[in-house]
Amino acid sequence: MLKKALTIAGSDSGGGAGIQADLKTFSALGVYGLSVITSITAQNTTGVIAVEDISPTMVAKQIDAVFSDIQIDAVKIGMVSNREIIKVIVEGLRKWDVKNIVLDPVMMSESGSRLLDVEARSTLIKELIPLADIITPNLFEASILLERDVITLKDMENAVKELTKMGCSSVLLKGGHLTDRTLAKLTTKAIDVYYDGQSLLRYQADRVKTRNIHGTGCTYSSAIAAYLAFGFKMDRSIARAKDYITGAIQNSLNIGDGPGPTNHFYNLWKEKGE
Ligand SMILES: Nc1ncnc2c1ncn2[C@@H]1O[C@H](COP(=O)(O)OP(=O)(O)OP(=O)(O)O)[C@@H](O)[C@H]1O
Ligand SMILES: Cc1ncc(COP(=O)(O)O)c(N)n1
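Residues numbered from 1 in each chain as written. Chains lettered and ligands numbered in written order. Predicted model: local features only at pLDDT ≥ 70, side-chain atom pairs only at ≥ 80, totals over all residues. Heavy atoms only, no water.

Q: Sorry, what's going on with the layout of surface pockets here?
A: It is a probe the size of a water molecule, rolled over the atoms, that shows where empty space is left. What the largest pocket holds in volume is close to 890 Å³. Taken together, 44 residues make up the lining of the largest pocket; nearest its centre are Glu110, His177, Ile213, Thr216 and Gly217. Of all the secondary-structure elements, those providing two or more residues to the lining of the largest pocket are β1 (4-12), α1 (18-28), β2 (32-44), α5 (139-146), β10 (189-195), β11 (200-206), α7 (216-230) and α8 (234-250). In this structure, the second largest pocket occupies an estimated 170 Å³ of space. Every residue along the wall of the second largest pocket is listed here: Lys185, Leu186, Thr187, Thr188, Arg207, Val208 and Lys209. In terms of residue class, the lining of the second largest pocket is built from 2 nonpolar, 2 polar and 3 charged. (1 Å grid on protein atoms, 1.4 Å probe; cavity = no way out; pocket = protein on both sides within 12 Å on 5 of 7 lines; lining within 4 Å. Points joined across faces, edges and corners; volume = space filled by probe spheres on them. Helix = DSSP H or I, 4+ residues; strand = E, 2+ residues; numbered from the N terminus. Nonpolar A, V, L, I, M, F, W, Y, C, P; charged D, E, K, R; others polar.)

Have a look at this one:
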């Protein structure tokens, strides 16, 4: 039977991150994609020019519209913008008894624009994180959530354990920005650390030398949701998603003047990054 995955996230007009990256990932993996848009960004590869949040009422209406009509197998949540939007998402997830929730706690764009209000942090922690089957912060987001620096691999291993105490079933801490401090440069492996209360695992791949990493976090979390929708267990879903994101970065696109986006269709789209 056709599997369906929903993304609850912001729109990136440049097509590289947010809703657009999520829907491309779902399509490339053969899952039917639905969307609830939380915010519209005027954005391209060089940065975010403007942000306009959707009203909480309209977010709630989108959630009710999709769940009242369609059986949804997994949900990925990305940019949630503000407290009020988080609250209606939480209500919707509870009301529709949603399963397979992947929460990417997006806070800042790669280019440095804020995508979550500062005061929304506590609502995210208290209300949304406890509903997630997995959260997928990067180093920066983990540092904000824990209010302490998460910089080294050892910090990552401690952080995943602390983060699971916030009530989510598991944590995948992404090391895309991990540096080898003795060499003062990015690590040669792209290492992510996972913890589910029992197993502490690492998922790693060779780091691709490219500046085209726009939308990597969105792509990765959507791929995890897609594999959960197919019925894979969490560890298998992450392993497959890690292969997917690595391929999408190896074939990333040289589009625009800034960091280019991941490539979801590299058998069709041959243009490659440097
Ligand atoms: N250059 C690279 N080569 C291979 N894998 C990478 C590279 N950069 C990031 N990754 C991997 O991509 C995934 C996304 O990680 P990253 O830490 O970049 O997330 P993020 O910062 O949330 O992404 P975004 O750029 O969307 O904000 C992780 O699996 C990470 O290990
Ligand atoms: C709408 C939206 N959602 C998420 C991101 C994060 O992606 P990145 O960190 O690659 O800029 C983004 N830039 N825009």
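Q: Sorry if this is basic, but what is going on with the pairing of β1 here?
A: A regular strand places its side chains so that they alternate between the two faces of the sheet. The buried count for β1 comes to 9 of 9 residues, which makes it a mostly enclosed element. Direction of pairing for β1 relative to β2: parallel, over a ladder of 9 bridges. Across the sheet, residue alanine 9 finds its bridge partner in β2, namely isoleucine 37. Note on the crossover from β1 through α1 to β2: the handedness is right-handed. Pairing geometry for β1 and strand β4 (residues 74-77), over 4 bridges, is parallel. Bridging from a neighbouring strand, leucine 6 pairs with valine 75 of β4. (Buried < 20%, exposed > 50% of the residue type's maximum accessible area, 1.4 Å probe, protein only. Pairing = 2+ DSSP bridges. Right-handed = clockwise from strand over helix to strand, strands pointing away.)

Q: What's the story with the nonpolar core in this structure? I'm lost.
A: Burial of nonpolar side chains together is a common tendency in soluble globular proteins. Within the largest apolar cluster, 48 residues are counted, with the highest numbers of intra-cluster contacts made by Leu6, Ile77, Ile89, Leu124, Leu128 and Ile129. No other element matches helix α3 (residues 83-95), which puts 6 residues into this core. Isoleucine 129 has contacts with Leu103, Leu124, Ile135, Leu145, Met166, Gly167 and Cys168, leaving out every residue within four places of it along the chain. Core analysis: the next-biggest nonpolar cluster, separate from the first, contains 25 residues, Val31, Ala226, Ile238 and Ala241 among them. (Core = buried A, V, L, I, M, F, W, Y, C linked by side-chain atoms within 4.5 Å. Contact = heavy atoms within 4.5 Å.)

Q: Can you help me understand the site of ligand 2 in this one?
A: Around ligand 2, the surrounding shell holds 14 residues, and the nearest of these are Gly10, Gln43, Glu110, His214 and Gly215. Contacts to ligand 2 include glutamate 110, whose backbone N or O atom sits 2.9 Å from an oxygen atom. At a separation of 3.3 Å, an oxygen atom of ligand 2 approaches a polar side-chain atom of histidine 214. Contact with the protein chains removes 93% of the 360 Å² of surface that ligand 2 exposes when unbound. The pocket occupied by ligand 2, as judged from atoms lying within 2 Å of grid points, is the largest pocket. The class makeup of the residues in the shell around ligand 2 is 6 nonpolar, 7 polar and 1 charged. (Near = heavy atom within 4 Å. Polar contact = N/O pair within 3.5 Å; in protein donor to acceptor, adjacent residues only side chain to side chain. Areas by Shrake-Rupley, 256 points an atom, 1.4 Å probe, with all protein chains shown as cover. Sits in = over half its atoms within 2 Å of the grid points.)

Q: When you look at the side chain of lysine 76 in this model, what are you seeing that I'm missing?
A: Along the chain, lysine 76 falls in strand β4. A distance of 3.1 Å separates polar atoms of two side chains, one belonging to lysine 76 and the other to aspartate 22.

Q: I tried to follow the site of ligand 1 on my own but got confused; where do I start?
A: What surrounds ligand 1 is a group of 19 residues, the closest being Glu110, Lys174, Asp192, Val208 and Gly217. Aspartate 192 is positioned such that a nitrogen or oxygen atom in its side chain is 2.7 Å from an oxygen atom of ligand 1. Here ligand 1 loses 95% of its free accessible area of 630 Å² to cover by the protein chains. With respect to the pocket detection grid, ligand 1 is positioned in the largest pocket. The leading source of residues in the shell around ligand 1 is α7, at 4 residues. Taken together, the residues of the shell around ligand 1 sort by class into 7 nonpolar, 6 polar and 6 charged.

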